[in-house]
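So you can see what is in the structure, the chains are spelled out below.
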Amino acid sequence: MRPKSLFFPLLFLMIYGCNIRNGANIPYFQVKDAFYQSWVLSENEKGNNIILKMEKVDKNIVFDSLIFRGVMLKVSISFENDQVILKSVLPVGITRIETKNKLVQKPDQLLYKYFGTKGFYPLKNIRREKGKYF
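Structure report, in brief. Owing to the predicted nature of the structure, the values given are computational and were not obtained by experimental measurement.

Here the focus is the overall build of the protein. Along the backbone of the protein there are one helix and ten strands. Helices and strands in the protein line up, N terminus first, as α-β-β-β-β-β-β-β-β-β-β. Buried positions account for 34% of the 134 residues belonging to the protein. Within the protein, residue pairs in contact and separated by at least 24 positions form 62% of the contacts whose partners lie at least 6 positions apart. Put simply, the protein shows about 9,500 Å² of open surface, and 55% of that area lies on carbon and sulfur atoms.

Structure representation (structure tokens):
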């Protein structure tokens, strides 16, 4: 094959590979439900819980963090029946919750690694649940 004839197949593979890694057609997991819920503990301590319910999660996926409202948050992982539950907390005001949040000014998305390769999944439909008051 001549070098020019390799151009288009390589271009196709690069574009297709980027689409898989960057949120389109991810076969490694399915987001069944995504929502956030505001909470108020006191006048000064408030926040949001962000919860993602996942299905069909590949055992080689490592969920790293998520971005919600321009802030990168670590996720905690739990299991409920056949679902993987990802949860993050975005505190507002004075808080006793230790977090290592980072402002990133990016759209809402879930960050993950698959066999060491970083990727993201856009979270376009995070719905709001009724708030909790303690």
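Here the focus is the pattern of salt bridges. Taken as a whole, this structure holds four salt bridges when the rule is applied. Note that Asp33 is salt-bridged to Arg127, the shortest N-O span being 2.7 Å. In this pair, Asp33 sits in strand S1 (residues 30-40) while Arg127 sits in strand S10 (residues 127-133), placing the two residues 94 residues apart along the sequence. Of the residues examined, Arg127 reaches a relative accessible area of 35% and is grouped as partly exposed. Salt bridges sharing partners connect three or more residues here, namely Asp33, Arg127 and Glu129.

What follows concerns the pairing of strand S3 (residues 61-68). With six of its eight residues buried, S3 lies for the most part within the structure. Bridge count for S3 against strand S4 (residues 71-74) is four bridges, and the pairing is antiparallel. Across the sheet, Ser65 pairs through a bridge with Lys74, a residue of S4. As consecutive antiparallel partners, S3 and S4 are separated by two residues, and within that stretch Arg69 has a phi angle of approximately 55°, a positive value.

Attention shifts here to the packing of aromatic side chains. A complete count under the given rule lists seven aromatic pairs for this structure. On the numbers, 3.8 Å between centres and 20° between planes, the contact of Tyr28 with Tyr114 is stacked. Taken together, the positions of Tyr28 in the loop between helix H1 (3-21) and S1 and Tyr114 in strand S8 (residues 109-114) put the pair 86 residues apart, joining distant regions of the chain. Pairing Phe29 with Tyr112 gives two aromatic rings, centres 5.4 Å apart and planes at 80°, and the pair type is edge-to-face. One end of the pair, Phe29, is in the loop between H1 and S1; the other, Tyr112, is in strand S8, with 83 residues separating them in the sequence. Here Phe29 and Tyr112 have matching classes, each one buried. Here the aromatic cluster, defined as three or more aromatic residues joined through ring pairs, consists of Tyr28, Phe29, Phe63, Tyr112, Tyr114, Phe115 and Tyr121.

The next point concerns the environment of Leu86. Looking at the element boundaries, Leu86 is found in strand S6 (residues 83-93). Taking the C-alpha atoms as reference points, Leu86 and Lys74, twelve residues apart in sequence, are found 9.6 Å from one another. Apart from the residues lying within four places of it in its own chain, the contact partners of Leu86 are Ile50, Ile51, Leu52, Met54, Phe63, Ser76, Ile77 and Leu110.

Moving on, we get to the sheet that holds strand S7 (residues 102-103). The strand order across the open sheet built from five strands is S7-S4-S3-S8-S9, with neighbouring strands paired in antiparallel fashion. A strand with exactly one partner marks an edge of an open sheet, and here the two such strands are S7 and strand S9 (117-122). Relative to S9, S8 runs antiparallel, the two sharing six bridges. Within S9, the residue paired with Leu110 across the bridge is Tyr121.

Basis of the calculations
- Residues numbered from 1 in each chain as written.
- Predicted model: local features only at pLDDT ≥ 70, side-chain atom pairs only at ≥ 80, totals over all residues.
- Heavy atoms only, no water.
- Helix = DSSP H or I, 4+ residues; strand = E, 2+ residues; numbered from the N terminus.
- Buried < 20%, exposed > 50% of the residue type's maximum accessible area, 1.4 Å probe, protein only.
- Contact = heavy atoms within 4.5 Å.
- Areas by Shrake-Rupley, 256 points an atom, 1.4 Å probe, with all protein chains shown as cover.
- Salt bridge = Lys/Arg side-chain N within 4 Å of Asp/Glu carboxyl O.
- Pairing = 2+ DSSP bridges.
- Phe/Tyr/Trp six-rings, centres within 6.5 Å; stacked < 30°, edge-to-face > 60°.

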